[in-house]
Amino acid sequence: MPKNKGKGGKNRSRAKSDRNDKRELHYKNTDEGQEYAQVLKMLGGPWLEAYCFDGQKRLCHICGKMGRKVRIAVGDVVLISLRGFQDNKADVIDKYLPDEVRTLKAAGELPESVKLNETEDGGDDIEFGSGGDEVTVPTACRLCKSACVVGTSTLY
């Protein structure tokens, strides 16, 4: 059998070249029944629960082609297509990156109350402490491995 020398085929190199390109920003089309939404909960498989900015919570389905290529997490802003025959269900069309969400906010498409989920881009949202406050934590008991009143340790 031939020895594998590379790291994938022609599709891998094609996918790498597409990553750096700036993609076109898609605005919602109200004539086609589209709406912006923020993901509240991933339900498993292609289903998620999203809060639409028209004030309703909807059960949304990630279409097959998008589900295999785009990873959606809780807090992401997505574009959904409303179903004409089921008002409480919708289909996810597109996922917006954090810089695209900022652009939509600046254009007035999204309400100002939208919080960005920037953990993918390495945003500076992480807060480790309030700066020097003492926290007393009970130490674990050697016998039962639970937090007994044997002793306490102080963390700074």
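The rules behind the values
- All residue numbers refer to position in the chain's written sequence, counted from 1.
- In keeping with the model being predicted, local features are shown solely for residues with a pLDDT of at least 70 and side-chain atom pairs are shown and tallied solely at 80 or more, while totals for entire chains, interfaces and linings include all residues.
- No hydrogens and no water enter the side-chain calculation; it runs on all heavy atoms of the structure.
- When the sulfur atoms of two cysteines come within 2.5 Å, that pair is taken as a disulfide.
- Elements are defined by DSSP. Helices are runs of H or I of four residues or more, strands are runs of E of two residues or more, and each kind is numbered from the N terminus.
- Should any heavy atoms of two residues lie within 4.5 Å, those residues are considered in contact.
- We call two N or O atoms a polar contact when they sit within 3.5 Å, provided that within protein one can donate a hydrogen and the other can accept it, with sequence-adjacent residues counted only if both atoms are side-chain atoms.
- In these notes, a set of buried Ala, Val, Leu, Ile, Met, Phe, Trp, Tyr and Cys residues joined through side-chain atoms within 4.5 Å is what counts as a nonpolar core.
- The cut-offs for exposure are 20% and 50% of the maximum accessible area for each residue type, with area from a 1.4 Å probe on protein chains only; residues under the lower value are buried, those over the upper are exposed, and the others partly exposed.
- By this definition, two strands are paired if DSSP reports at least two bridges between them.
- All axes are obtained by fitting lines to C-alpha atoms, using only the stretch in contact for helices, and the reported angles, taken between N-to-C directions, cover 0 to 180 degrees.
- Think of a salt bridge as a Lys or Arg side-chain nitrogen and an Asp or Glu carboxyl oxygen that are within 4 Å of each other.
- Throughout, the arc means that of the directions going from the helix axis to the C-beta atoms.

(A) Region of the structure containing the state of the cysteines. One pass over the full model with this rule turns up zero disulfides. In this structure Cys-60 is not part of a disulfide, and its nearest cysteine sulfur, from Cys-52, lies 5.5 Å away.

(B) Broad picture of the environment of Tyr-36. Within the element layout of this structure, Tyr-36 appears in strand 1 (residues 34–44). With sequence-adjacent residues up to four places away left out, Tyr-36 is seen in contact with His-26, Tyr-27, Lys-28, Cys-52, Phe-53, Val-78, Leu-79, Tyr-96, Leu-104, Glu-109 and Leu-110. Within the structure, Tyr-36 has its side chain in polar contact with the side chain of Glu-109 (distance 3.1 Å).

(C) Just the nonpolar core, in detail. Residues Leu-48, Cys-60, Ile-72, Val-78, Ile-80 and Val-92 are the most contacted members of the largest nonpolar core, which totals 13 residues. Going through the elements one at a time, strand 1, strand 2 (47–52), strand 3 (57–62), strand 4 (77–82) and strand 5 (89–95) are the ones with two or more residues in this core. A per-element tally of this core places strand 2 first, with three residues. With residues near it in sequence (within four places) discarded, Cys-60 still touches Pro-46, Trp-47, Leu-48, Ala-50, Ile-80, Ala-90 and Val-92.

(D) Fine view of the side chain of Glu-35. Mapped onto the fold, Glu-35 is located in strand 1. For Glu-35, a relative accessible area of 10% translates into the label buried.

(E) The arrangement of the side chain of Ser-81 in detail. Considering the arrangement of structural elements, one finds Ser-81 in strand 4. Taking relative accessible area as the criterion, Ser-81 reaches 19% and is therefore assigned buried.

(F) Geometry of the pairing of strand 3. Side-chain alternation along strand 3 places Arg-58, Cys-60 and Ile-62 on a buried face and Lys-57, Leu-59 and His-61 on a face that remains uncovered. Strand direction decides the pairing type here: strand 2 and strand 3, joined by five bridges, are antiparallel. Across the sheet, Leu-48 pairs through a bridge with Cys-60, a residue of strand 3. The loop that links strand 2 with its antiparallel partner strand 3 comprises four residues; one of these, Gly-55, has a positive phi angle of about 100 degrees. Summarising the sheet, strand 3 and strand 5 pair through four bridges and their orientation is parallel. Pairing of His-61 across the sheet is with Asp-91, part of strand 5.

(G) Geometry of the pairing of strand 5. By the bridge criterion, five bridges tie strand 4 to strand 5 in an arrangement that is antiparallel. Bridge pairing in strand 5 links Leu-82 to Ala-90. Linking strand 4 to strand 5, which pair antiparallel, is a turn of six residues.

(H) Focus on the sheet that holds strand 2. Read around the closed barrel, five strands run 1-2-3-5-4, paired in mixed fashion. When strand polarity is set aside, the average angle formed by the axes of neighbouring strands in this sheet is 50 degrees.

(I) Local environment of the pattern of salt bridges. According to the stated counting rule, one finds five salt bridges in the structure shown. In this structure, Asp-87 and Arg-58 form a salt bridge, with 3.5 Å as the shortest nitrogen-oxygen distance. One end of the pair, Asp-87, is in the loop between strand 4 and strand 5; the other, Arg-58, is in strand 3, and 29 residues separate them in sequence. Judged by relative accessible area, which is 3%, Arg-58 ranks as buried.

(J) Broad picture of helix 3 (residues 98–106). Those residues of helix 3 that fall on the buried side of the exposure criterion are Pro-98, Glu-100, Val-101, Leu-104 and Lys-105. Mapping the buried residues of helix 3 onto a view down its axis gives an arc of 155 degrees, with all of them on the same face. Elements in contact with the buried residues of helix 3: strand 1, strand 4 and strand 5. Gly-108 lies just past helix 3 and shows a positive phi near 85 degrees.

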